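Residue-level listing of the chains:
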Amino acid sequence: MKMKVAGILIIFFFTSTCVAQTTTGTGAFRKQLETINRQIAFNLQHKNITGLLRYYADSAVCMPEYHTALYSKPAIESYYATWLKNTSIQDYQRTIYEVHQISSYLIETGTFTSHFTNTGKAPVAYDGKYIVIWKIGKSNALTRLSEIWGSNQYIDRAQLDFSQKEDIIQTPNPRIKTVLSDELDKRNAIICQSVATRDGVRLASMYTSDAMYMPYYSPMLAGIDKIKAYYIEHENPGVSIDSISINASKIITADSLLLVNAYYIVKWRAGNDQGTVTGKSVNVWKRTSSGELMLYRQMTNHD
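1. Some words on the pattern of salt bridges
- On inspection of all chains with the given rule, the structure shows nine salt bridges.
- Its salt-bridge partner being Arg287, residue Glu183 comes within 2.8 Å of it at the nearest N-O pair. Remark: Arg287 occurs in strand S12 (residues 273–287) and Glu183 occurs in helix H4 (residues 179–196); sequence separation between them is 104 residues.
- Note that Arg187 and Glu292 form a salt bridge whose closest N and O atoms lie 3.3 Å from each other. Of the two residues, Arg187 sits in helix H4 while Glu292 sits in the loop between S12 and strand S13 (293–302), which places them 105 residues apart along the sequence.
- Accessibility expressed as a relative area gives 36% for Glu292, which makes it partly exposed.

2. Details of the packing of aromatic side chains
- Throughout the structure, instances matching the rule amount to 16 aromatic pairs.
- Relative to Tyr217, the ring of Tyr154 has its centre 5.2 Å away and its plane inclined at 70 degrees; by these criteria the two rings are edge-to-face. Of this pair, Tyr154 sits in the loop between strand S7 (142–151) and H4 while Tyr217 sits in the loop between strand S8 (207–214) and strand S9 (221–222), and the two are 63 residues apart along the sequence.
- Since its relative accessible area comes to 25%, Tyr217 is described here as partly exposed.
- Pairing Tyr230 with Tyr231 gives two aromatic rings, centres 5.5 Å apart and planes at 70 degrees, and the pair type is edge-to-face.
- Here Tyr230 falls in the buried class, since its relative accessible area comes to 15%.
- Pairwise contacts between aromatic rings join Tyr56, Tyr79, Tyr80, Trp83 and Trp149 into one cluster.

3. Some remarks on the environment of Val124
- Assignment of secondary structure puts Val124 in strand S6 (residues 124–136).
- C-alpha separation for the pair Val124 and Gln90, spaced 34 residues apart in sequence, amounts to 9.9 Å.
- The residues contacting Val124, other than those within four sequence positions of it, are Ser114, His115, Phe116, Ile155 and Gln159.

Conventions adopted
- Residues numbered from 1 in each chain as written.
- Predicted model: local features only at pLDDT ≥ 70, side-chain atom pairs only at ≥ 80, totals over all residues.
- Heavy atoms only, no water.
- Salt bridge = Lys/Arg side-chain N within 4 Å of Asp/Glu carboxyl O.
- Helix = DSSP H or I, 4+ residues; strand = E, 2+ residues; numbered from the N terminus.
- Buried < 20%, exposed > 50% of the residue type's maximum accessible area, 1.4 Å probe, protein only.
- Phe/Tyr/Trp six-rings, centres within 6.5 Å; stacked < 30°, edge-to-face > 60°.
- Contact = heavy atoms within 4.5 Å.

Any functional reading would require information that these geometric values do not contain.
Here you go:
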């Protein structure tokens, strides 16, 4: 099956101040992000939409759970307005797991805990994980380029049913086709074929040994052994895949990494049941010393 990467915006970043290798940050940037995360919690609890939007780029991509991706700051504003109109948040806390800096970008991964109540419904405990891609600007000012979050375990869609009530800005139209996007097509084609044949071992082989994967309805998985065990269990031969596609809406190049916003469509069958699953992901691909692209950090959730 030939996979096409649709809707690609490729951002090439060249500067004499680039960092040559990825570094794990526990210093100034981590403290800065901890402060921002406390602000997020405060703004959610106090329904302060202006404060929540403060760090988003105008073209930021936000990927909430049980919602299609939001491709602009106005779309993100509409999402939060709907959420906070129908929801009271008792508490919210993010805990940073790691911060990586490469070139003028940060990759923040972590976990969150929250308790909220939708109007007329029982309280919800919402625990999960997240990835945020940040751009480092002048004086180390941070701008949020993309983010994704999702639960550590299955959560009933009805508990987040408020999230689909606003109009959704669609995926950007195709803009450019390059050698790089062709290379990514080929890697995604291997993933699609492996899912179609339910080959968990081959799927795990697409990750670096020190990779982190954050699947939907699961805690983060750190290291290839946990990722391999997950895929072997998850790729159930009792579920047949009729078709699968993986596409991208943005690719950022940063030294040896590709920071990719992606989305997928899977049509499946299991006995007399069948359906279509759509979702999105933040994928961080790493180019190895041999020149091959391998998944280094990844998170997925369902629309």
